[in-house]
Amino acid sequence: QVQLVESGGGLVQAGGSLRLSCAVSGEILSSYGMGWFRQAPGKEREFVATINWMQGMTYYTDSVKGRFTISRDKAKNTVYLQMNNLKPEDTAVYYCAADPLGRMTWYLHEYDYWGQGTQVTVSS
């Protein structure tokens, strides 16, 4: 069983930065893929970024390319999402997720484990 706990959310002005962390407990195998998703009020949860645990390959949704960076620290069993040049439209609850098959996918249903989420609010 894998457990995910996000932290690092908060209130920031437009143009500012935040770094989200996702602490992973339980057995995580080299095959895992880790993802970040977000859900704004009244909207569906959407894909943000994913990383392959073993090789560190990454993939981003177009709206965050060049602003967000996903990374992982295997020694600390932690996944990060560095968010720069934040915009009001980035306001959402951000979720960390794990896919045991490491598919680097943007489909929510292919992730088996989810954290509880952390709120990010960007003021204009």
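Our subject in this report is the structure included herewith.

Cut-offs used in this document
Per chain, residues are indexed from 1 in the order of the written sequence. Local features in a predicted model are, by the rule used here, given only for residues with pLDDT of at least 70; side-chain atom pairs are given and counted only at 80 or more, and totals for whole chains, interfaces and linings are based on all residues. Water and hydrogen atoms were dropped before computing side-chain values, which therefore reflect all heavy atoms in the structure. In these notes, a set of buried Ala, Val, Leu, Ile, Met, Phe, Trp, Tyr and Cys residues joined through side-chain atoms within 4.5 Å is what counts as a nonpolar core. Here's how the labels work: a residue is buried when its accessible area is under 20% of the maximum for its type, exposed when over 50%, partly exposed in between, all with a 1.4 Å probe on protein chains only. Working definition: helices are DSSP H or I runs of at least four residues, strands are E runs of at least two. Numbering for both runs from the N terminus. Residues forming no salt bridge and having over 30% relative accessible area are the ones grouped into patches, like charges within 9 Å of each other and nonpolar side chains (Val, Leu, Ile, Met, Phe, Trp, Tyr) within 5 Å. Note on areas: Shrake-Rupley, 1.4 Å probe, and residue coverage restricted to the protein chains presented here. In the sections that follow, a salt bridge refers to a side-chain nitrogen of Lys or Arg positioned within 4 Å of a carboxyl oxygen of Asp or Glu. Paired strands are those between which DSSP finds at least two bridges.

Describing the nonpolar core
L4, M34, W36, L81, M83 and Y94 are the most contacted members of the largest nonpolar core, which has 30 residues in total. At the level of elements, β3 (18–25), β4 (33–39), β5 (46–52), β7 (68–73), β8 (78–83), β9 (92–99) and β11 (118–123) are the ones that each hand at least two residues to this core.

As for a nonpolar patch on the surface
On the surface, a nonpolar cluster with roughly 330 Å² of combined accessible area is contributed by Y59, W106 and Y107. Structurally, Y107 can be placed in the loop between β9 and β10 (113–114).

Comments concerning the pairing of β5
Counted residue by residue, β5 has six buried out of seven residues, so it is predominantly covered. Two elements, β4 and β5, share six bridges in a ladder whose sense is antiparallel. Residue pairing for β5: G35 is matched across the bridge by T50. Where β4 hands over to β5, the hairpin turn is made up of six residues, of which G42 adopts a positive phi near 75°. Where β5 lies against strand β6 (residues 58–60), three bridges are found, and the strand directions are antiparallel. Within β6, the position partnered with I51 by the bridge is T58.

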